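Descriptive structure summary
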Amino acid sequence: MKITLKVWRQKNTNTEGKLVDYQLDNVSEDMSFLEMFDVLNDSLTRKGEDPVTFDHDCREGICGTCSMYINGRPHGPQTGATTCQLHMRSFNDGDTIVVEPWRARAFPVIKDLMVDRLAFDRIIQAGGYVSVNTGSAPDANEILIPRSIADEAMDAAACIGCGACVAACKNASAMLFVSAKVSQLAILPQGQAEHRERAERMVAQMDAEGFGACSFTGACSVECPKSISLDHIARMNREYLGAKLASDNVQG
Amino acid sequence: MKLESKIPEGPLAEKWARQKFALKLVNPANKRKYDVIVVGTGLAGASAAASLAELGYNVKAFCYQDSPRRAHSIAAQGGINAAKNYQNDGDSVFRLFYDTIKGGDYRAREGNVHRLAEVSVNIIDQCVAQGVPFAREYGGTLANRSFGGAQVSRTFYARGQTGQQLLLGAYSALSRQVANGKVKLYTRTEMLDLVVEGGKARGIVTRNLITGKIESHSAHAVLLCTGGYGNVFYLSTNAMGCNVTAAWRAHKKGAVFGNPCFTQIHPTCIPVSGHYQSKLTLMSESLRNDGRVWAPKSKEDAQKIQKGQLKATDLAEDARDYFLERRYPAFGNLVPRDVASRNAKNMCDEGRGVSKTGLAVYLDFADAIKRDGQKVIEAKYGNLFEMYEKITGENPYETPMMIYPAVHYTMGGLWVDYNLMTTVPGLYALGEANFSDHGANRLGASALMQGLADGYFVIPYTVGDYLATIGPADKIPVDSPAFKETEQKVQAQINRMMSIKGTRPVDDLHKELGHIMWEYCGMARNAEGLQLAKQKIQALKKEFWSNAKIMGDAEEMNQALEQAGRVADFIELGELMVDDALNRNESCGGHFREEYQTPDGEALRDDEHYAYVAAWEYQGEGNPELLNKEMLEFENVKLTQRSYK
């Protein structure tokens, strides 16, 4: 296959970037999208040009590191998949593909296609946990959790924290990411003791990071590589409202 | 060097309890006077950092990823073992201990493995309390499945994403301590050297991957939780960034390296499709609970399949060879990984492989789907089937999966004593980074168990003993000569790499190394091939230092420079792996020397001469490493030829 790439190149956070064209003539359809970038970088290096910087690690769709905005869609044309799971058989010979980084104020570009997603870590630090020290747990089977509850918690917990939801949202809202964690712990009995405070703190941190508001268009869920459901946003809103009515813990 | 394993006296089942009592304690008010560095934030690192911070120590945690949540533990699929015996099927701490020792082909320490089995039950409790959504039965109790090398169901799981859920649990505990101010997190930061002064580990020198800045960090103790070195093979199931650099540079500062040639080749991975391939994807071992492994009985059928003239589903039942079930009726498709891998390789060597390359066998779910219905199979393995289809473009509900073995895990690693301390006082190694618990072959679902055992339930006790012994004043500042010298050495190596300005991209050199390792030090090894590999690796080292090409600057984000440092270390490690494989004139577990096999092709151990840990000591650039031996003593199990028939 012959592919034309238009790739966002930006030296660092403080400089301006632009799209640069690259022509690839020998692309196999069994190649993964990132392997095509490996081939591109190999040829750029041999020619004495700077290779393209992009985030990637596990290359099997679970670590959440890869983050390319491909032809206007986070992780490209497939649904329910990350960039690293995308293969060139999803494209046609002669295609032009535009590749950009995640675009959001809370995700500044580090270089080329790589962005800073530390805001997500700070949101989890604000309350995305059950406060239990090592060694103080009861026997695992003392907490009975019906299968349907465990399954729903698992659906939420499947989030890989890649940030596609933010990239997909016209407001760059992080609601799907935040709600996945709030919802997982709100469903499970282990999360009950802190459920009100958690919703308040995590939402407060999300706002402080500069993510936009949610207008419930559902783009995030469609583009989410783990297909996290909008139900979790609904549950988080309920948690948050309940917390605002009942708790006197947190400002904001 | 005299290696002291420090395994406590007394009956096996009492050793850990006795040790816990014998270890010195740091009183609660004094813990805040100690600093601990944790490198790596996977299961071992995140659990250790969180647990030590909870106790009151000041922790600095480092990872090369952009977030601690992305460490490669996240990719573990199938499950985590624990001797809970919730299924009432005859499991016990002793049975888990026994299975692990036997599975490791009698090359692990009894004391360590028994402790691992003991604390396994606490791990499940801890993870459930954190909100890890393990699979459940309808009544709400925990569900289990079985894994290779065991005849009981003791594996706990969260769909096909067990590693992810356990890591997110540990990450959440870590995040809580970051919020409490007890852990300071350094992401996109790579450890490039260990600082040793006065015979003790004093801290580390790091590179900030975004700015390129070289920095020093001082502490009372350093914990390496940096995972395995499977990427020495270039193609493996490891993440692209997994590397040996932290462990290797600690090795060059005095930490001896245990059993480097013990590598695990996982039988169920998606086969290689082309030369551009960057990584291999694992299909969880849990699939072997329901999938049946087979190859065509005749070479002629296999050739037709390779050419695309015949499909798997065209082959009648009596034209298929379910070779694992045939050869190992007791364990069937659930034999340990090394056995399954070698058998698949043999099929392909005989010309009975499938796929275009002839390097694959089938993993077939047709019977399971017929028996349980597609819905049940989908509930168990849905995400794995999807993953397979995305990569290969084939639907495994309709046509059997094609699988081939791939490098997956490294049992070798930094040598540690019972307290997880390396031969450098104050330097510890946890999880896959150490060599200790899996012998020559790791059983499925035991890596997650070991990582969390080390981090949650071993290091919080053992590190306190060292800290109490040295006292809070025994720490040196980052502007002391030892740190400055190390910084200069790190900077000099970076400058040297940037100034090579050759013609070959680093990735290309890495590929060549991987090819050498896979060809001569992979699933099967022999003395002749290993000798050849040694020469090839030495030539590659010269090629690297004279012809590598790295674009960009060192004072900015530079992924090629990061990889160059890692590849330079992999090349040196590769040579040591070959030396180790040459030294071990026996076959055991994942180490299969073709010269040493039973008449029916099983690994043939030599307990009289090789029941030891090969612990290699660095002797300076260009000198052969010195072999130290820690003899393994077996008091509770009888060494037998491993049989899964």
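The name an unreviewed UniProt entry assigns to chain B is succinate dehydrogenase, from the organism Spirosoma endophyticum. Quoted straight from UniProt, the Catalytic activity (unreviewed entry) entry for chain B says "a quinone + succinate = fumarate + a quinol".

Looking at an unreviewed UniProt entry, chain A carries the name Succinate dehydrogenase / fumarate reductase iron-sulfur subunit, with the source organism given as Spirosoma endophyticum. In its Sequence similarities (unreviewed entry) section, UniProt records this for chain A: "Belongs to the succinate dehydrogenase/fumarate reductase iron-sulfur protein family."

Side note on the overall build of chain A
A tally of regular secondary structure across chain A gives eight helices and seven strands. With the C-alpha coordinates of chain A rotated into their principal frame, the extents come out at 60 × 40 × 35 Å. In chain A, buried positions account for 56% of the 252 residues.

Concerning the overall build of chain B
Looking only at helices and strands, chain B features 17 helices and 21 strands. Scaling as 2.2 N^0.38, a compact globule of 645 residues should have a C-alpha radius of gyration of about 26 Å, and chain B matches this with 24 Å. The principal-axis extent of the C-alpha atoms belonging to chain B is close to 75 × 60 × 50 Å. Sorting the 645 residues of chain B into buried and exposed places 61% on the buried side.

Looking at the interface of chain A and chain B
Every contact between the two is made by 68 residues of chain A and, on the other side, 65 residues of chain B. Of all the secondary-structure elements, those providing two or more residues to the side of chain A that touches chain B are α1 (33-47), β6 (109-111), α2 (118-125), α3 (147-157) and α5 (175-187) of chain A. Take the side of chain A that touches chain B: its biggest share by element is seven residues, from α1(A).

Overview of the domain arrangement of chain A
All names here are of chain A. In terms of domains, chain A is made up of domain 1 (3-111) and domain 2 (118-246). The interface is formed by 19 residues belonging to domain 1 together with 17 residues belonging to domain 2. Among the residues forming the side of domain 1 that touches domain 2, the class breakdown is nine nonpolar, seven polar and three charged.

Quick notes on the domain arrangement of chain B
Residues and elements named next belong to chain B. Once the domains are mapped, chain B shows domain 1 (12-262 + 411-470), domain 2 (266-406) and domain 3 (481-610). Relative to domain 2, the C-alpha centre of domain 1 lies at a distance of 32 Å. Counting from both sides, the interface comprises 18 residues of domain 1 and, opposite them, 23 residues of domain 2. Across the side of domain 1 that touches domain 2, the residue classes tally to four nonpolar, 12 polar and two charged.

With respect to helix α6 (residues 195-208) of chain A
Residues and elements named next belong to chain A. Along its 14 residues, α6 runs 20 Å from first to last C-alpha, staying within 8% of the 20 Å computed at 1.5 Å per residue. Three or more residues of α6 are buried, namely Arg-196, Arg-198, Ala-199, Glu-200, Arg-201, Met-202, Val-203, Gln-205 and Met-206. Among the structural elements, α2, α5 and α8 (231-246) are those in contact with the buried residues of α6.

A look at the nonpolar core
Soluble globular proteins: nonpolar side chains tend toward being buried together. With 292 residues, the main nonpolar core has Val36(B), Ala49(B), Leu223(B), Leu224(B), Leu414(B) and Tyr428(B) as its most contacted residues. With residues up to four places along the chain from it excluded, the contact list for Leu223(B) reads Val36(B), Ile37(B), Val38(B), Val39(B), Ala48(B), Tyr428(B), Leu430(B) and Ile459(B).

Re the packing of helix α14 (residues 506-521) of chain B against helix α16 (residues 559-583) of chain B
All names here are of chain B. Two elements in contact, α14 and α16, have axes whose closest approach is 10 Å; the angle formed by their N-to-C orientations is 20°. It follows from the interaxial angle that α14 and α16 lie roughly parallel. The two elements α14 and α16 meet at a crossing, and its hand is left-handed. Residues Val-506, Asp-507, Leu-509, His-510, Leu-513, Met-517 and Cys-521 of α14 form the contact with α16, whose participating residues are Ala-560, Gln-563, Ala-564, Val-567, Phe-570, Ile-571, Gly-574, Met-577, Val-578 and Ala-581.

Some thoughts on the sheet that holds strand β12 (residues 292-296) of chain B
Two strands in a sheet stick together by hydrogen bonds in their backbones, pointing the same way (parallel) or opposite ways (antiparallel). Residue and element names in this part refer to chain B. Here we have five strands laid out as an open sheet, ordered β11-β15-β14-β12-β13, and antiparallel in their pairing. The open sheet has two edge strands, β11 (263-269) and β13 (320-321), and neither has a second partner. Where β12 and strand β14 (residues 361-364) come together, three bridges link them in antiparallel fashion. Its bridge partner lying in β14, Trp-294 is registered against Tyr-362. Sitting on the sheet, helix α9 (residues 337-349) touches β11, β12, β14 and β15 (401-410), and the angle it makes with β11 is about 65°.

Looking at the environment of Ser236(B)
Structurally, the position occupied by Ser236(B) is in the loop between β9 (221-224) and α6 (245-251). Distance in space between the C-alpha atoms of Ser236(B) and Gly514(B) is 9.3 Å, their sequence separation being 278 residues.

Topic: the packing of α6(A) against α8(A)
Residue and element names in this part refer to chain A. Contact geometry for α6 and α8: axes closest at 8 Å, N-to-C directions at 105°. With respect to α8, the element α6 is oriented roughly perpendicular. Judged by residue contacts, His-195, Arg-196, Ala-199, Glu-200 and Val-203 of α6 engage Met-236, Glu-239, Tyr-240, Gly-242, Ala-243 and Ala-246 from α8. When the residues that make up the contact of α6 with α8 are grouped by side-chain class, the tally is six nonpolar, two polar and three charged.

Topic: the confidence of the model for chain B
In regions of low pLDDT, the predicted coordinates are not meant to be interpreted in detail. On average, residues of chain B score 96 in pLDDT, and 100% of them reach the 70 mark or higher. For this predicted complex, the interface score ipTM comes out at 0.97, while the overall pTM is 0.97.

Some remarks on the pairing of β15(B)
All names here are of chain B. Buried residues dominate β15, accounting for 10 of its 10 residues. Inspection of the sheet shows β11 paired to β15 by five bridges, in the antiparallel sense. Each bridged residue has a counterpart across the sheet, and for Cys-269 the counterpart in β15 is Tyr-404. Direction of pairing for β14 relative to β15: antiparallel, over a ladder of three bridges. Its bridge partner being in β15, Tyr-362 is matched across the sheet by Met-402.

Section: the environment of Val39(B)
Residue and element names in this part refer to chain B. Structurally, the position occupied by Val-39 is in strand β1 (residues 35-39). Under the C-beta neighbour-count criterion, Val-39 is labelled buried, with 30 such atoms within 10 Å. For the pair formed by Val-39 and Ala-61, sequence separation is 22 residues and the distance between their alpha carbons is 5.9 Å. Residue contacts for Val-39: discarding those within four places in its chain leaves Gly-45, Phe-62, Met-191, Ile-204, Leu-223, Leu-224, Cys-225, Thr-226 and Ala-246.

Parameters at a glance
Residues numbered from 1 in each chain as written. Chains lettered and ligands numbered in written order. Predicted model: local features only at pLDDT ≥ 70, side-chain atom pairs only at ≥ 80, totals over all residues. UniProt positions renumbered as here; feature names shortened; annotations may be inferred. Helix = DSSP H or I, 4+ residues; strand = E, 2+ residues; numbered from the N terminus. Buried ≥ 20, exposed ≤ 12 C-beta atoms within 10 Å, placed from the backbone. Rg over C-alpha atoms; globule rule 2.2 N^0.38 Å. Contact = placed C-beta atoms within 7 Å. Domains from an automatic or database assignment. Nonpolar A, V, L, I, M, F, W, Y, C, P; charged D, E, K, R; others polar. Expected span 1.5 Å × (residues − 1). Core = buried A, V, L, I, M, F, W, Y, C linked by C-beta atoms within 7 Å. Axes fitted to C-alpha atoms, helices over the stretch in contact; angles between N-to-C directions. Parallel < 35°, antiparallel > 145°, perpendicular 65-115°, else oblique. Left-handed = near helix turned anticlockwise from the far one by under 90°. Pairing = 2+ DSSP bridges. pLDDT = per-residue confidence, 0-100.

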